[in-house]
Amino acid sequence: MSVKGIDMKKELIFRTAVSVIIMLILPWLAAAFAKGDAGMAVCILLFYVINPLYALLVGFAAGKDIRRLWSMPVIPAVLFPAGAWTFFARRESAFLLYAAVYLILGAAAMLVSALIRMFLRNRNSSVVR
């Protein structure tokens, strides 16, 4: 296995661990420690700010090597309903919609990142000639 392959595996393992923390541990913390209105504020922050930004970040990171890292945007989208159903409302179908949006955001960021890298690589190679 090449050094690049080992680095990609390490990055995938690291991103999976961070995804578990953000998509499973943070909802547990919100459900366990934030009560009443504070809990609702934390949930809004999680669902509308932290999780979408994380999906975008993961997508941009996956764009550097789509062939090996294509699963990175899928991992948070799969973990989100598991965490939400476990700690908030079991089988609430709205959480699937959130997961779909997170998947779309991550996939779009991955494609944009890959296109930017391809454009810059082609632009740099044409300047060298």
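Every chain begins its residue count from 1, and numbering advances along the sequence as written. Only residues with pLDDT of 70 or above have their local features reported here, since the model is predicted, and side-chain atom pairs are shown and tallied only from 80 upward, although totals for entire chains, interfaces and linings are computed over all residues. Note: side-chain values were computed over all heavy atoms of the structure, leaving out hydrogens and water.

Now for the nonpolar core. What we call a nonpolar core is a set of buried Ala, Val, Leu, Ile, Met, Phe, Trp, Tyr and Cys residues that are connected through their side-chain atoms within 4.5 Å. Whether a residue is buried, partly exposed or exposed follows from its accessible area with a 1.4 Å probe, protein chains only, as a fraction of its type maximum: under 20%, in between, or over 50%, in that order. By size, the foremost hydrophobic cluster in this structure holds 23 residues, and its most contacted members are Met23, Phe47, Met72, Phe80, Phe95, Tyr98 and Tyr102. Here this core takes eight residues from helix α2 (residues 37-62), the largest share from any one element. By definition, residues are in contact when any of their heavy atoms lie within 4.5 Å. Look past the residues within four positions of Phe95 in its chain and what remains in contact with it is Phe47, Phe80, Ala84, Trp85, Phe88 and Ala89. By definition, any uninterrupted DSSP run of H or I lasting at least four residues is a helix, any uninterrupted run of E lasting at least two residues is a strand, and each is numbered from the N terminus.

On to the side chain of Glu11, then. You can see Glu11 is positioned in helix α1 (residues 3-33). The exposure class assigned to Glu11 is buried, which follows from its relative accessible area of 13%. Those residues in contact with Glu11 that lie beyond four places of it in its chain are Ala61, Lys64, Leu69 and Met72.

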